[in-house]
Amino acid sequence: MNDTYIKVRLSEELKEQALRTFESIGISASDAIRVFLTRTIAEQRIPFELKAARTPVFADNLEPEKLREEILKGKVAIDEGRYLPADEAFSQIRRNLDL
């Protein structure tokens, strides 16, 4: 069998977490990627569902009362400490998207 290589850019943190996960289930990173590619070919699709975590809210699509309601939800979340500073939120997004 002729082997070939795929080069992937990802964060060190993502790599280490993935390697620990693969080790815990007894496979190598190469095996995990091989399984992913094999399933992708067999199913002719990504072998799991891809979807947004939640539907984003866009102010220009909302009636004034609904916009006020969404703003108040955001204020409550901030008051309760359920938010991330912008730099942390963008870092998390980059990690999730492997950027």
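Residues numbered from 1 in each chain as written. Predicted model: local features only at pLDDT ≥ 70, side-chain atom pairs only at ≥ 80, totals over all residues. Heavy atoms only, no water.

(A) Region of the structure containing the overall build of the chain. Within the chain, the regular secondary structure consists of four helices and zero strands. Reading the chain from its N end, one meets helices and strands in the order α-α-α-α. Here the C-alpha radius of gyration of the chain, 20 Å, is well above what a compact globule of 99 residues would show, namely 13 Å. Considered along the principal axes of its C-alpha atoms, the chain spans approximately 65 × 30 × 25 Å. When burial is assessed residue by residue, the chain has 4% of its 99 residues classed as buried. About 9,300 Å² of surface is accessible on the chain, with carbon and sulfur atoms providing 57% of the total. Of the charged side chains in the chain, 16 are positive and 18 negative, and the gap between their average positions amounts to 1 Å. (Helix = DSSP H or I, 4+ residues; strand = E, 2+ residues; numbered from the N terminus. Rg over C-alpha atoms; globule rule 2.2 N^0.38 Å. Buried < 20%, exposed > 50% of the residue type's maximum accessible area, 1.4 Å probe, protein only. Areas by Shrake-Rupley, 256 points an atom, 1.4 Å probe, with all protein chains shown as cover. Lys, Arg positive; Asp, Glu negative; His and termini not counted. Charge placed at Lys NZ, Arg CZ, Asp CG, Glu CD.)

(B) Just helix α3 (residues 64-79), in detail. Helix length check: α3, at 16 residues, gives a terminal C-alpha distance of 22 Å against a target of 22 Å (1.5 Å per residue), a fit within 8%. Glycine 81 occupies a position one or two residues after α3 and carries a positive phi of about 75°. (Expected span 1.5 Å × (residues − 1).)

(C) The arrangement of helix α2 (residues 29-43) in detail. If you check α2, its first and last C-alpha atoms are 21 Å apart, about what 15 residues at 1.5 Å a residue would give, namely 21 Å. Positive phi shows up at glutamine 44, right after α2, with a value of about 55°.

(D) Representation of a nonpolar patch on the surface in the model. Together, Ile6, Val8, Leu10, Ile33, Phe36, Leu37, Ile46, Phe48 and Leu50 make up an exposed nonpolar region whose accessible area comes to about 820 Å². For valine 8, the location among the structural elements is in the segment before α1 (12-25). A residue is classified by how much of its surface remains accessible, and valine 8, at 52% relative accessible area, is exposed. (Patch = residues over 30% accessible without salt bridge, like charges linked within 9 Å, V, L, I, M, F, W, Y side chains within 5 Å. Salt bridge = Lys/Arg side-chain N within 4 Å of Asp/Glu carboxyl O.)

(E) Expanded view of the layout of surface pockets. Of the voids in this model, the largest pocket is the one considered here, and its volume is about 1,200 Å³. Residue lining of the largest pocket: 30 residues in total, with Ala29, Ser30, Ala32, Ile33 and Arg34 positioned closest to the centre. If you list the elements that add at least two residues to the lining of the largest pocket, you get α1, α2 and α4 (86-96). Among the elements that line the lining of the largest pocket, the one with the most residues is α2, at 10 residues. Considered class by class, the residues forming the lining of the largest pocket number 19 nonpolar, five polar and six charged. (1 Å grid on protein atoms, 1.4 Å probe; cavity = no way out; pocket = protein on both sides within 12 Å on 5 of 7 lines; lining within 4 Å. Points joined across faces, edges and corners; volume = space filled by probe spheres on them. Nonpolar A, V, L, I, M, F, W, Y, C, P; charged D, E, K, R; others polar.)

(F) Geometry of the confidence of the model for the chain. When pLDDT is averaged across the chain, the result is 85; 94% of the residues are at 70 or more. Ranking the elements of the chain by mean pLDDT puts α4 last with 81 and α2 first with 93. (pLDDT = per-residue confidence, 0-100.)

(G) The pattern of salt bridges, seen in detail. Going through the model one piece at a time under the given rule, you end up with eight salt bridges. A salt bridge links arginine 39 to glutamate 43; the nearest nitrogen and oxygen atoms lie 2.5 Å apart. Residue arginine 39 and its partner glutamate 43 are both found in helix α2; the two are separated by four residues, about one turn of the helix. Residue class for glutamate 43 comes out partly exposed when judged on its relative accessible area of 26%. Salt-bridge contacts for lysine 73 lead to glutamate 70; the nearest nitrogen and oxygen are separated by 3.0 Å.

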